[in-house]
Every structure is written in C-alpha cells, then in structure tokens.
Amino acid sequence: MENSILDIIPEIPVAEWMANFIDWLTDNLSWLFDALRDGGDAVMDTMTELLLVVPPIVFIVILTAIAFFASGKKWGLPTFTILGLIYIFNQGLWEPLMYTLTLVIVASLLSIVIGVPVGILMAKSEVANFIITPILDFMQTMPAFVYLIPAVAFFGIGMVPGVFSAVIFALPPTVRFTNLGIRQVSDEMVEAAQSFGSTASQQLFKVELPLAKATIMAGINQTVLLALSMVVIASMIGAPGLGERVINALQRAQVGPGFVAGFALVVLAIILDRTLQGFNKE
Amino acid sequence: MATKVEVQNLVKIFGKKEKQALDLVNKGLSKEEILKKTGATVGVNKANFKVEEGEIFVIMGLSGSGKSTLVRMLNRLIEPTKGSILIDGENISDMNNEDLRRVRREKISMVFQNFGLFPHRTILENTEYGLEVQGVDKETRQKKAEAALDNAGLLPYKDQKPNQLSGGMQQRVGLARALANDPEILLMDEAFSALDPLIRRDMQDELMQMQDSMQKTIIFITHDLNESLRLGDRIAIMKDGEVVQVGTGEEILTNPANEYVERFVEDVDRSKVLTAENIMIRPQTLRANKQGPRVAAQQMKTEGLSSMLVIDNKQQLQGYVTDEDVLAAVKSNIRNFDSILRTDIPKVSKDTLIYDLYDIIHNTDTPVAVVDENNKLEGIVIRSLVIGALAKEREEESENGE
C-alpha cells in the first residue's frame, strides 16, 4: 500500500464536512427542530392515549371487522387478526403495540402526504425525475441506522426522531410507485382526457390518479411495512413500542422476551400488509 | 358549402434535428432521404387539404403513413412543427392553451381506435366527461349524456363499466361521448378498426345514418380502402407523410394519381371477380298485359322511382317507361304502355363482370337489366350497387350469399 500513487491525494475530510453540516443545521435551525419535536411529541402522545382509551376488546373487534371486509368477507385474515391481537394482549404488549401503531401511522401518513405529490411531480417533469431518482436511490441504499444519527442530532431521543428516520426510510416506494403509476396510464387515456379539453388538474384528478390508484396503493403498502421496520430500529434512539422490548431483550440476551415481542411485530406486519392489500384489490 | 377545416403546409418532424429536417422538407426531399441525412422522422410532410362543412372526409393510408399524426395535429394532441390548421378560419396551430381548450371543448371531439373509455368510470360518467370538464352542472350534463346514450340505444347500460360491454358497444359509447357535447367536428381515428368485420359494417351504416340527420363535419382515419369508399364523401390518400391524392371514391378508383394509389386500389379491385349476379337487386316491374300508366304513376310515386321496367306474362323484358312519359300518358288518358315503352335499355347476363359493367353503366341513365338467354328478367343493377360492391367485405359477402 505504501508509496502508492493514490497516496498523493490526502484523505478528504468527508466525515468532518458532514458533521459540520449537521452541526450547522442543528445550531441554526434548532428553533425549528425544537418546535417540530414538541409539536410531534404532543400529537403522538395524544394519539397513543386515545388509542389506549379504547378498550382492547373493542379495538380487537374493530380491527377484525376491518380485516373481514378487506379480505372480501373471507375468514382467514379476520381469524388471524383476532388470534394475533389476543396473543399480543395476553403477553402484556398492548401498550407498546399502541405506541408502535401510532409511530407507523404517523410515519406512513407523512410519507404519503410528501410522497404522492413528489411522485406526481416526477411523472410530469423529466427534470424532476432526473434529479429526484438518484436521491431516492441514496435514501434506499444508505443503511437505515445511519439516519438515526442526524435524527438524534436534530430532535434528541424519543418518538419524533423515530418518525423522522422512518419517513426517510419509508418514503421512496410511495414516490416511485406514484411516478410509475402515472407514467403507466396509457397514451389513449391521456389523449382522450386532453381531447375533451381537460385542464392539467382535471386530467390528473379525473383520469390519471384514479387509473394509477392500484399502483400507488402498492407503493403505500410497501411504505407502511418499511415504516414499521424502521420504527423498530428507531427504538435504539428511544422510540417507544414493541421495538423497545426487542432492543431491551437484545441488550440483556433474553431469548424468550425477545421472541415474544418480535413475534408480536410479525403479527402486526401481517395484519397491516394483508388488510391494505385486501383494500387495494377492491 | 363552406370550408370547415383547412390544413396548410402542415409538417410534423419527430426527432432532434428538427430545423435541419424542416429545411430539407422545404427543399422537397423524401421522408427516407431526410431520415438518412438527419436521423429525424418526418411524420407529416407538407399536407394541404380542405374539409367542407358537413362532409365525411376520409384520410386513408397504411400504418406509418402519418395519418394518425395528422389527425392528432388537428386538435393539437400532437404539436405541429410547421404549418397552419384553420378551423372556421381560426388558426389552431398558434393558439394559446386556453383558446385551445375552448376549441377542444366546444368544436372538436375525438373517437379513438381502442375506444379511449375510462375504465374507472361508468358508461354514463364516461359520456358526460366532456361536459364535466366544461363545468356543466351535474343535472344538465347527465340529461345530455343520457340523451346521447339513448340515441345510441345504450341507455340501459349507463351504470355499467366499459369492460362489461362488447367492443362494438364500447365504440358506440365512444361515439356517444364524442357527440354529447355537440361538437361541430368529429375526429375518428381508426374508430372501427378494432372491431370485427360484421360489427364494423354495422357501425359504418349507423354512422352514415346518424350523419344524415346530424350533418357534422367528420374526419375519419382508416387504413381500409373499403371503409373509405363506403364512408367517404372525399378521400385523401397518404403515403410517407404526404397526401398523394384527394378526391371522391370514384375519382380515386378510376383515376389514381400515381402508381402507389393504383397499387393500393388494385389490391381491393374486386370488379374483376364479382359479376352482375352478385350485386343485382330485385326490380320493381310492371306487367304489360295487366297494368297501365295509372298504376305505374302510383307505384313510381310511392317508391320514389324515375323509371320502371315492363315485363310480359312470361317474365320477359319488354322495355321500360319513365316517369315523365307515364304522367303524360295518364293525362292523355292512354291505357297501355305501347306508345311510351322505351327499349334502349342495356342488357347483360348474370355472368357479366362488374369491371365490364363500368362502361355500360357509365353511358346510360337507366338501370342495367340482367336477363337470361330467353330474355327473362332476373334483376337489375344500378350505379350505386357497382360502387357499393367495391366496398364490400369478403366476410359479409359470404354471409349474404347464404
């Protein structure tokens, strides 16, 4: 390695630059981050409390009913839902479940609210497509743990940095599938819309988005599952919920509790996935 | 008739070196030469034509001839590279978006090859789309859309989705949708090409019937010469982006502008295959021994005929009488046909080729009688049948033959 021609170039301080950049953001935008954290915490705490107000038995019935309709009035998914939720309750994981649910819902909603418009922008503008595609690639390939570091720097520890990192991690599928869904709308549909004198927004809302719906929903489905997986990882920076139990078990090398909480996450993932898929099929 | 649509020097170039290619187009180079020199494709090469109000103007060409590009420039689904499109004297090609939208909403509707129906909307919602984007209130637009569907006999299906209907019905919806906002111009892009031949023939008939009452200006794109001849008041033939001939069906058949048109026409020239028997119809006849001028006058009046054939009791052709002669005879109280019977009617056998009928039918005002070797009348051939025969589909012919 010594005397290699590559040694001529001194080590570039990329890490330092990045750290400086994050420091600069933290220093100069701390008012914004603080406001976001306080607001976000308030919203999510309230939401979790509301979810916890609902008696578990009512909650289980409601979710089972939703699963029943989502699966096209078949019994497989509702049976799984009811048994799975009873298991979670039985294992004393109801409160962590509600925290996890809150985090997943908030992260997913934010991803959709940001992701769908960005996807539309990419579908309509080649320039936007050209710029945003590599950013999405970056977001998806960067190891998820790395997002935890700036999240802590901006928001400290807790739910808000968890949601922040989950949104970054879960956003790309919604953006990509929205873009794809709109681009897949056939030329004849677009021509038909235009030939009757549709404005751009009429074309988008009356024709393109309805036709792209199934594809966009597939993206949202992925986003929800990715948000769930990131919410678990975010427990390492203090996000409460089922992930917290998993991390605790990991740190103490407790196989039993680790499996119990891990299995609860699997149950939640399957219920979310199948229910969303079921609604998408309709 | 007034000119409704006028296309002047319309050019469309696809590809990067647009300017360079345009220069070459102006120098009169062909599509192939320009592709070789610049890599740009000439979609439409200096098209010029006028469409009169109320006519069916057919643009015919094989795939790649630029006909679909041309029709899409008329409502600017495709932006023209150069040239102008005048609709009622208004230049579409340099209109701003708002004016263009107004023209699309009020003046021009389009019917698509694969129907272009929105799968997520019901038949009724599809039909009211054009009115919906104009901001017409729900009640009014539903009423209009229902009327358009009723007209096409589709009202019972209004709450179904497009994929629940057959192709023919879907295209009727496509047509009803296009007509719902009462446009002046209808662009039909290979509208019947995706339908099977029998349905296609029905749709052509329906279109012509509708056209009789509504008198829209219709620009119809097709690759099918038979369809052009059936529908078109005038036909433009396109090749390699150029309009090579514009004329009536008869003009194009009898006087092809160049070798290409000739070959095109030759492919479907079935006049050398079909005979008088294939196209003759049962005539309205008068019996010389039983009927006189009064009966003749009455029948001509009710049937709207200008002449009738006269036969004897053995079905043998005697000749024909004209309406003027019959009326004169009635006035002067003549009771039989002897004095007014004309015998200069052309006779052919049922094996005569349609090709050979051309000259005969061209040189006479009367129908051509089809007789057997005993001069027994078997049928008549009139001019429109000869033209119609050329537009017939093979499939339908076998069906009619059964």
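What you see as residue numbers is a count from 1 along each chain, following the sequence as written. Following the order in which they are written, the chains are lettered starting with A and the ligands numbered starting with 1. Given that this is a predicted model, residues contribute local features only at a pLDDT of at least 70 and side-chain atom pairs are listed and counted only at 80 or more, while totals for whole chains, interfaces and linings are drawn from all residues.

**Here we look at the overall build of chain B**
- For helices the rule is a DSSP run of H or I covering at least 4 residues; for strands it is a run of E covering at least 2, with both sets numbered from the N terminus onward. For chain B, the count of helices and strands is 18 helices and 16 strands.
- Along the longest, intermediate and shortest principal axes, the C-alpha atoms of chain B span 75 × 55 × 40 Å.
- Per-residue burial for chain B yields a buried fraction of 40% across its 402 residues.
- A pair of residues counts as a contact when their C-beta atoms, built from backbone coordinates, are within 7 Å of each other. Pairs at least 24 residues apart make up 66% of the contacts formed inside chain B by residues separated by at least 6 positions. Our exposure labels follow a C-beta count within 10 Å of each residue's own C-beta, placed from the backbone: buried means 20 or more other C-beta atoms, exposed means 12 or fewer, and partly exposed covers the counts in between.

**A few points about the overall build of chain A**
- Within chain A one finds 12 helices and zero strands.
- In chain A, the succession of helices and strands from N to C terminus is α-α-α-α-α-α-α-α-α-α-α-α.
- The C-alpha extent of chain A, read off along each of the three principal axes, is 65 × 65 × 40 Å.
- Residue pairs in contact within chain A that sit at least 24 positions apart in sequence constitute 76% of those at least 6 positions apart.

**What to know about the sheet that holds strand β5 (residues 90-91) of chain B**
All names here are of chain B.
- Pairing between strands is defined by DSSP: at least two bridges between them are needed. Taken together, four strands build an open sheet; the order of strands is β2-β1-β4-β5 and the sheet is antiparallel. If you trace the sheet from one side to the other, it starts and ends with β2 (41-52) and β5, each paired once.
- Inspection of the sheet shows strand β1 (residues 3-14) paired to strand β4 (residues 82-87) by five bridges, in the antiparallel sense. The partner of Val5 across the bridge, within β4, is Ile87.

**Examining the pairing of strand β3 (residues 56-60) of chain B**
Residue and element names in this part refer to chain B.
- With five of five residues buried, β3 lies mostly within the body of the structure.
- Alternating residues of β3 divide into Ile56, Val58 and Met60 and Phe57 and Ile59, and every residue in both groups is buried.
- Note that β3 and strand β8 (residues 217-222) share five bridges and pair parallel. Note that in β8 the partner of Met60 across the bridge is Thr222.

**Some details on the UniProt feature "transmembrane region" (unreviewed entry) in chain A**
- UniProt positions are given in the numbering used here, feature names are shortened, and annotations may be inferred rather than shown by experiment. UniProt's feature table lists "transmembrane region" (unreviewed entry) at residues 50-70, 77-94, 100-123, 144-171, 224-243 and 255-272 of chain A, given in the numbering used throughout.
- Here residues 224-243 of chain A runs as 60% helix and 0% strand, with 16 Å between its end C-alpha atoms.

**A few points about the sheet that holds strand β11 (residues 285-287) of chain B**
All names here are of chain B.
- Ordered in space as β11-β12-β13, the three strands form an open sheet in which the pairing is mixed. The outermost strands of the open sheet, each flanked by one partner alone, are β11 and β13 (317-322). Neighbour-to-neighbour, the strand axes of this sheet turn through a mean angle of 35 degrees, independent of strand direction.
- In the sheet, strand β12 (residues 307-311) pairs with β13 via five bridges, with the strands oriented antiparallel. Angular values range over 0 to 180 degrees, each being the angle between N-to-C directions of two axes fitted as lines to C-alpha atoms, with helices fitted over their stretch in contact.

**Points about helix α11 (residues 242-251) of chain A**
All names here are of chain A.
- Of the residues making up α11, those classed as buried are Leu242, Gly243, Arg245 and Val246. Across the axial projection of α11, the buried residues extend over an arc of 160 degrees, all falling on one side.
- Elements that come into contact with the buried residues of α11 comprise α5 (94-124), α10 (200-233) and α12 (255-281).
- Positive backbone phi, approximately 55 degrees, marks Ala253, located one or two places after α11. The arc refers to the directions leading from the helix axis to the C-beta atoms.

**Side note on the UniProt feature "domain: CBS" (unreviewed entry) in chain B**
- Under the local residue numbering, the UniProt record ascribes the feature "domain: CBS" (unreviewed entry) to residues 279-339 and 341-396 of chain B.
- In the segment residues 279-339 of chain B, helix accounts for 34% and strand for 23%; the C-alpha atoms at its two ends are 32 Å apart.

**Concerning the pairing of β12(B)**
Residue and element names in this part refer to chain B.
- Looking at chain direction, β11 and β12 are connected through three bridges and run parallel. Bridging from a neighbouring strand, Thr285 pairs with Leu309 of β12.
- Crossover handedness for the path β11 to helix α14 (residues 293-303) to β12: right-handed.
- Between β12 and β13, which pair antiparallel and follow one another directly, the connecting turn spans five residues, one of which, Gln315, has a positive phi of 70 degrees. Look down the strands so they point away from you; if going from the first strand over the helix to the second traces a clockwise path, that crossover is right-handed.

**A short note on helix α4 (residues 76-90) of chain A**
Residue and element names in this part refer to chain A.
- Counted at 1.5 Å a residue, the expected span for α4 with its 15 residues is 21 Å, and the 21 Å between its end C-alpha atoms agrees.
- Restricting attention to buried positions, one finds in α4 the residues Leu77, Pro78, Thr81, Gly84, Leu85 and Ile88. Summarising the axial view, the buried residues of α4 lie within an arc of 135 degrees, below the 170-degree limit, and thus occupy one face. Opposite its buried face, α4 presents the exposed residues Gly76 and Asn90, each directed more than 90 degrees away.
- Packing partners of the buried residues in α4 comprise α3 (56-70), α5 and α12. Expected helix span is taken as 1.5 Å per residue step, with the number of steps being one fewer than the number of residues.

**A short note on the interface of chain A and chain B**
- Counting from both sides, the interface comprises 14 residues of chain A and, opposite them, 15 residues of chain B.
- In this classification, Asp, Glu, Lys and Arg are treated as charged, Ala, Val, Leu, Ile, Met, Phe, Trp, Tyr, Cys and Pro as nonpolar, and every other residue, Gly included, as polar. Here the residues of the side of chain A that touches chain B sort into six nonpolar, six polar and two charged.

**Topic: the UniProt feature "domain: ABC transporter" (unreviewed entry) in chain B**
- Under the present numbering, the feature "domain: ABC transporter" (unreviewed entry) in UniProt falls on residues 29-265 of chain B.
- For residues 29-265 of chain B, helix accounts for 43% and strand for 22%, while the C-alpha atoms at its two ends are 26 Å apart.

**Quick look at unusual backbone geometry**
Residue and element names in this part refer to chain B.
- One non-glycine residue, Lys46, lies in positive phi territory at about 50 degrees.
- Among the structural elements, Lys46 can be located in strand β2.
- Residue classification places Lys46 among the partly exposed residues on the basis of 18 C-beta atoms within 10 Å.

**Brief notes about the domain arrangement of chain B**
- Along its sequence, chain B is carved into domain 1 (3-118 + 185-267) and domain 2 (277-389).
- Note that domain bounds follow an automatic or database assignment of domains. Just the C-alpha atoms count here: the centres of domain 1 of chain B and domain 2 of chain B sit 42 Å apart.

**Concerning the confidence of the model for chain B**
Residues and elements named next belong to chain B.
- Across chain B, the average pLDDT comes to 84, with 94% of residues at or above 70.
- Values of pLDDT, the confidence the predictor places in each residue, fall between 0 and 100. Taken as a whole, residues 393-402 scores under 50 in pLDDT and shows nine contacts with residues more than four places along the chain or in a different chain.
- Here the complex is predicted with pTM 0.74, and the ipTM for its interfaces comes to 0.78.

**Considering the nonpolar core**
- Each nonpolar core reported here comprises buried Ala, Val, Leu, Ile, Met, Phe, Trp, Tyr and Cys residues connected via C-beta atoms within 7 Å. Ranked by internal contacts, the top residues of the largest apolar core, which has 142 residues, are A:Leu103, A:Ala107, A:Ala166, A:Ala227, A:Val231, A:Ala264 and B:Ile219.
- In terms of nonpolar packing, the next biggest core, distinct from the first, is built from 26 residues, B:Met280, B:Met300, B:Leu377 and B:Leu385 among them.

**Remarks on the packing of α5(A) against α10(A)**
Residues and elements named next belong to chain A.
- At their nearest, the axes of α5 and α10 sit 9 Å apart, and the two run at 140 degrees to each other. In the packing of α5 onto α10, the handedness of the crossing is right-handed. Facing α5, whose interface residues are Thr100, Leu103, Val104, Ala107, Ser108, Ser111, Ile112, Gly115, Val116 and Ile120, α10 presents Leu204, Ile216, Ile220, Thr223, Val224, Ala227, Leu228 and Val231.
- Taken together, the residues that form the contact of α5 with α10 break down as 13 nonpolar, five polar and no charged. Working rule for handedness: look at the near helix, and if it is turned counterclockwise from the far one by less than a right angle, call the crossing left-handed; if clockwise, right-handed.

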